Amino acid sequence: MKCEAALLSQVKGFLDPVEGMQLYEIAKKASRLGPCLEIGSYCGKSAVYLGSACLENQGILFSIDHHCGSEEQQPGEEYFDPSLFNYDLFQVDTLNHFRRTISAWGLENTVVPIVARSQIAARAWATPLGLVFIDGGHSYETAFTDYSCWAQHIVPGGYLLIHDIFENPAQGGQAPFQVYQLALASGLFQELPRVKTLGVLQRLNCGQISAGPQA
Ligand code: MG
């Protein structure tokens, strides 16, 4: 990867570099199976890791985000970043920052931004995917919606990655972990070693995915 750690550390984002390198390694395999897709672009940090791997295989990364910031990034919340507030729109706006990141890393012809809520983009989606990375909103409803909209498109042998897995509620919100457990309980995924808070599941070659009951 033409991935200089020092440069990547300057890209805004919450992704640990060890998790990022795991994204890159998995996407190198997954992008041979089909296009990759992430939910939660933010400022493009994970898109650099995933997209660099896709580029090596002449693949594509679809990167979905409404770019209005998630719940915890709104004014007054814990992860609000004033430099990402657009006073013309009077809302959080991460799209410009995302585009600058993608351009700086030469990924304009590899990373395809989709500026929409994930469930809206999913309404017209039919393309099988080699990888889905769920790193969007952290409420249960949002994380579950992202899972139920997108996991069904993963090809056999492809990967479902879920960020911010905390088994201990004292360390972080439980929604990503609950969705991870739901995916495992479906019987359609094999659990691979977790890297820090990055959950890694591989789609088995059987059956159809049911969204399952909502908790
Ligand atoms: Mg995350």
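Bear in mind the structure is a predicted one, so any value in this text is a computation, not a measurement.

Quick notes on the rules
Each chain carries its own residue numbering, running from 1 in the direction its sequence is written. Reporting of local features is limited, given that this is a predicted model, to residues whose pLDDT is at least 70; pairs of side-chain atoms are given and counted only at 80 or more, and all residues count toward the totals for whole chains, interfaces and linings. In computing side-chain values, all of the structure's heavy atoms are included and hydrogens and water are not. For Na, K and Ca the donor cutoff is 3.2 Å, while for all other metals N, O and S atoms must lie within 2.8 Å; water is not among the atoms, so some sites may look incomplete. The numbering of helices and of strands both runs from the N terminus, where a helix is a DSSP run of H or I of at least 4 residues and a strand a run of E of at least 2. Relative accessibility under 20% of the residue-type maximum defines a buried residue, over 50% an exposed one, and the middle range a partly exposed one, all with a 1.4 Å probe and only protein chains included. A helix's residues, less one, multiplied by 1.5 Å, set its expected span. Buried and open spaces are told apart on a 1 Å grid over the protein atoms alone, a cavity being a set of points where a 1.4 Å probe fits but cannot get out and a pocket being an open set with protein on both sides within 12 Å along at least five of seven lines. Residues with an atom within 4 Å of a point are the lining residues. Grid points are joined across faces, edges and corners, and a volume is the space filled by probe spheres set on the points. Geometry of aromatic contacts follows a simple scheme: Phe, Tyr and Trp rings, the Trp one being its six-membered ring, pair when their centres are within 6.5 Å, and the pair is stacked under 30 degrees between planes, edge-to-face over 60, tilted otherwise.

**Q** How would you summarise the coordination of the magnesium ion if you had to cite specific residues and measurements?
**A** At the metal site, the magnesium ion is ligated by Asp135 (OD), His163 (ND1) and Asp164 (OD), and these contacts range over 2.0 to 2.3 Å. Donor residues binding the magnesium ion come from one chain and are separated in sequence as D-x27-H-D. Placement of Asp135 in the loop between strand S6 (129–134) and helix H6 (140–150) and of His163 in the loop between strand S7 (154–162) and helix H7 (175–185) is noted, with a sequence separation of 28 residues between them. Overall, His163 belongs to the buried group, its relative accessible area being 4%.

**Q** Before we move on, could you go through helix H3 (residues 45–56) and cite the residues and values that matter?
**A** In a regular helix each residue adds 1.5 Å, so 12 residues correspond to 16 Å; H3 covers 17 Å between its end C-alpha atoms and thus fits that length. Counting buried residues in H3 gives 10 out of 12 residues, a clear majority hidden from the surface. Buried residues of H3: Lys45, Ser46, Ala47, Val48, Tyr49, Leu50, Gly51, Ser52, Ala53 and Cys54, and no others. Residue Gln58 follows H3 closely and has a positive phi angle near 50°.

**Q** Tell me about empty space enclosed by the protein, residues and numbers included.
**A** Summary: where empty space remains is shown by rolling a probe the size of a single water molecule over the atoms. Summed over all chains, the structure comprises one cavity of 30 Å³ or more. If you add up the space inside the largest cavity, you get close to 40 Å³. If you go around the largest cavity, the residues you meet are Ile134, Asp135, Gly136, Gly137, His138, Ala143, Asp146, His163 and Pro176.

**Q** Can you break down the packing of aromatic side chains residue by residue, with the values?
**A** When we look at a pair of aromatic rings, we describe it by the centre distance and by the angle of the planes. In this structure the tally under the stated criterion is 10 aromatic pairs. Ring centres 5.3 Å apart and planes at 80° place the aromatic pair Phe14 and Tyr79 in the edge-to-face group. Placement of Phe14 in the loop between helix H1 (5–8) and helix H2 (17–30) and of Tyr79 in the loop between strand S2 (61–65) and strand S3 (85–86) is noted, with a sequence separation of 65 residues between them. Taken together, a centroid distance of 5.1 Å and an interplanar angle of 90° make the contact between Phe85 and Phe90 edge-to-face. Phe90 gets classed as exposed once you look at its relative accessible area, which sits at 59%. A network of ring pairs unites the aromatic residues Phe80, Phe85, Tyr87 and Phe90 as a single cluster.

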